Structure formats: structure tokens, C-alpha cells
Amino acid sequence: NAGVTQTPKFQVLKTGQSMTLQCAQDMNHNSMYWYRQDPGMGLRLIYYSASEGTTDKGEVPNGYNVSRLNKREFSLRLESAAPSQTSVYFCASSRTANYEQYFGPGTRLTVT
Amino acid sequence: GQQLNQSPQSMFIQEGEDVSMNCTSSSIFNTWLWYKQDPGEGPVLLIALYKAGELTSNGRLTAQFGITRKDSFLNISASIPSDVGIYFCAGPLNTGFQKLVFGTGTRLLVSP
């Protein structure tokens, strides 16, 4: 049981480049989430997917898009990266009607 | 919006000491979660609390759901070096499905 996996672990982009962060979970969870973590800001929700086929905006969605590919996979796309998107990105998942979220190891993204 | 305030921001203690930290909110919460994040890793769920007044233990960790439902406490007994990390509290945003708001964390350093 791998839990929540994320790829890549590290990425450096130039301003304006695009990329997709991948996330997968093997816990048969219905809900999945994308967060970013910045120093002194805690974890902030970017997008979430309550169940397969649905996605909704979180606190800081601007500049991002998501795709819930199937029950296991939830990807985050940066269409035109900006330095303000330099951060650590975490994917998480949870069972339906349960607040206990389980996190992946993170992707460290630097935009120059 | 809802905010979670954690204190202290950081602690530097000797191995073997007990540790207490807390999390407060201006709003009532129905759930409190405590996570630990090791350097370079994703947050790991330690304890979940679902009932006011509830006291729950996980090994040397004990967490309590405050009676007012606006606070929660985490205690670590007989600290060891591997307790080093950042401890986050989290609770559900009142605006939506399973969405969490996180505190800014308490950084714990343990001296051998």
C-alpha cells in the first residue's frame, strides 16, 4: 500500500512554461485535494475533487487547473508558470464524509 | 474567514521533557485534526478528534478537543529526538465539503 504518491519530487521551470503535477492514491478514497505550502502561510487549498467526475476551487485557484482522471488520479496543471507559484505542492485524499486527509510526499517547484 | 492560531510558534526543549501546544479559533469547530510534518516530507495525521471534550492518545501523544469547541491541545510526553518537526492543527472550513483550514504550525526542536 503506497498511500498517496506524487511525481515529480522536484521541478524547476522558467516563467511562462507549463507543467502537470501528478498524484495517485491506492486507498480507494473518493475525495482528493491539492494544496500549496509556503513559509509562514501554512497549507492552502488550491482545488479539490469531492468525487470522481467533480472538481471545485479552493482558497487559491488562480493560475491552476485540475483534472480528476479517474478515482485514483488527480492532476494539477500550471499553464503559464509564474515566480509566485514557487512553492511545495501536496496532494491529499480522504474517504467520503471524513475529514481525515492523507498527504503525499510533495513536489518542490521553483519558477525562475 | 476561519483562521487557526497555533502557539507557540516554536519550541526548543531537552530530550525527556513534556511538550504542550495549542490551537485556537474564533469559530466553532466540529472536528480537530493534528498533523506532524518532518523536514522534506508531507504531513502525517497523528490524531483526529470529533467530539467536544474528547481526549485521545496515540502513544506518547495526547490531544484534547476543547469544551468551547474553539480550541484544541496537543501534548507530547517524554520527548525524543525524532519528535522534531512541525505540528499542525486543522479543522473543517465552514464553507464546504471536507475542506480543511490549517494552522501555521508549531516547530519543535529537541536537544539530545
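Described below are features of the structure shown in this document.

1. Comments concerning the pattern of salt bridges
Okay, step 1: A complete count under the given rule lists five salt bridges over all chains for this structure.
Okay, step 2: The partner of Arg44(A) in a salt bridge is Asp38(A), with the nearest N and O atoms 2.8 Å apart. Both residues of the pair, Arg44(A) and Asp38(A), belong to the buried class.
Okay, step 3: For Arg60(B), the salt bridge is made with Asp83(B), and the minimal N-O distance between the two is 2.8 Å. With Arg60(B) in the loop between β6 (55-58) and β7 (61-65) and Asp83(B) in the loop between β8 (71-76) and β9 (85-92), the pair connects residues that are 23 residues apart, well separated along the chain.
Okay, step 4: Relative accessible area serves as the criterion here: at 5%, Asp83(B) is assigned to the buried category.

2. Details of the interface of chain B and chain A
Okay, step 1: Taken together, the contact between chain B and chain A spans 20 residues of the former and 27 residues of the latter.
Okay, step 2: Counting the surface lost from both chain B and chain A, the interface buries some 1900 Å², and carbon and sulfur atoms represent 60% of this.
Okay, step 3: Counting across the interface, chain B meets chain A through zero salt bridges.
Okay, step 4: Along the contact surface separating chain B from chain A lie four residue pairs in polar contact (both at pLDDT 80 or more).
Okay, step 5: If you list the elements that add at least two residues to the side of chain B that touches chain A, you get β4 (32-37), β5 (44-49), β9 and β10 (100-102) of chain B.
Okay, step 6: It is β4(B) that contributes the most residues to the side of chain B that touches chain A, three residues altogether.
Okay, step 7: The residue makeup of the side of chain B that touches chain A, split by class, is 11 nonpolar, seven polar and two charged.

3. Quick notes on the pairing of β9(B)
All names here are of chain B.
Okay, step 1: Counting buried positions along β9 yields eight of eight residues, so the element is predominantly enclosed.
Okay, step 2: The pairing of β9 with strand β11 (residues 106-111) spans three bridges and is antiparallel. Considered in β11, the bridge of Gly85 is made with Leu108.
Okay, step 3: Pairing of β9 with β10, which is carried by three bridges, proceeds in the antiparallel orientation. Bridge pairing in β10 links Pro92 to Leu100.

4. Some thoughts on the state of the cysteines
Residues and elements named next belong to chain A.
Okay, step 1: Counting across every chain of the model gives two disulfides over all chains.
Okay, step 2: Here Cys23 connects covalently by a disulfide to Cys91, the sulfurs 1.9 Å from one another. Taking the sign of the torsion about the S-S bond as the criterion, the disulfide between Cys23 and Cys91, at about -70 degrees, is left-handed. Of this pair, Cys23 sits in strand β3 (residues 19-25) while Cys91 sits in strand β9 (residues 87-94), and the two are 68 residues apart along the sequence. Neither residue differs from the other here; Cys23 and Cys91 are each classed as buried.

5. Things to note about the sheet that holds strand β7 (residues 64-68) of chain A
Residues and elements named next belong to chain A.
Okay, step 1: Read across the open sheet, the four strands follow the order β1-β3-β8-β7; overall the sheet is antiparallel. At either end of the open sheet lies a strand with only one pairing partner, and these are β1 (4-7) and β7. In this sheet, adjacent strand axes meet at a mean angle of 20 degrees when their direction is disregarded.
Okay, step 2: As paired elements, β1 and β3 share four bridges and run antiparallel to each other. Counted as the bridge partner of Thr7 is Gln22 from β3.

6. Some thoughts on the environment of Gly105(B)
All names here are of chain B.
Okay, step 1: Structurally, Gly105 can be placed in the loop between β10 and β11.
Okay, step 2: Look at Gly105 and you get buried, because its relative accessible area is 5%.
Okay, step 3: Spatially, the C-alpha atoms of Gly105 and Ser7 are 7.9 Å apart, while their sequence positions differ by 98 residues.
Okay, step 4: If near-sequence neighbours (up to four positions away) are discounted, Gly105 is found in contact with Gln6, Pro8, Gln9, Ile86, Tyr87 and Phe88.

About the cut-offs
Residues numbered from 1 in each chain as written. Chains lettered and ligands numbered in written order. Predicted model: local features only at pLDDT ≥ 70, side-chain atom pairs only at ≥ 80, totals over all residues. Heavy atoms only, no water. Salt bridge = Lys/Arg side-chain N within 4 Å of Asp/Glu carboxyl O. Buried < 20%, exposed > 50% of the residue type's maximum accessible area, 1.4 Å probe, protein only. Helix = DSSP H or I, 4+ residues; strand = E, 2+ residues; numbered from the N terminus. Contact = heavy atoms within 4.5 Å. Buried area = accessible area lost by both parts, 1.4 Å probe. Polar contact = N/O pair within 3.5 Å; in protein donor to acceptor, adjacent residues only side chain to side chain. Nonpolar A, V, L, I, M, F, W, Y, C, P; charged D, E, K, R; others polar. Pairing = 2+ DSSP bridges. Disulfide = S-S within 2.5 Å. Axes fitted to C-alpha atoms, helices over the stretch in contact; angles between N-to-C directions.

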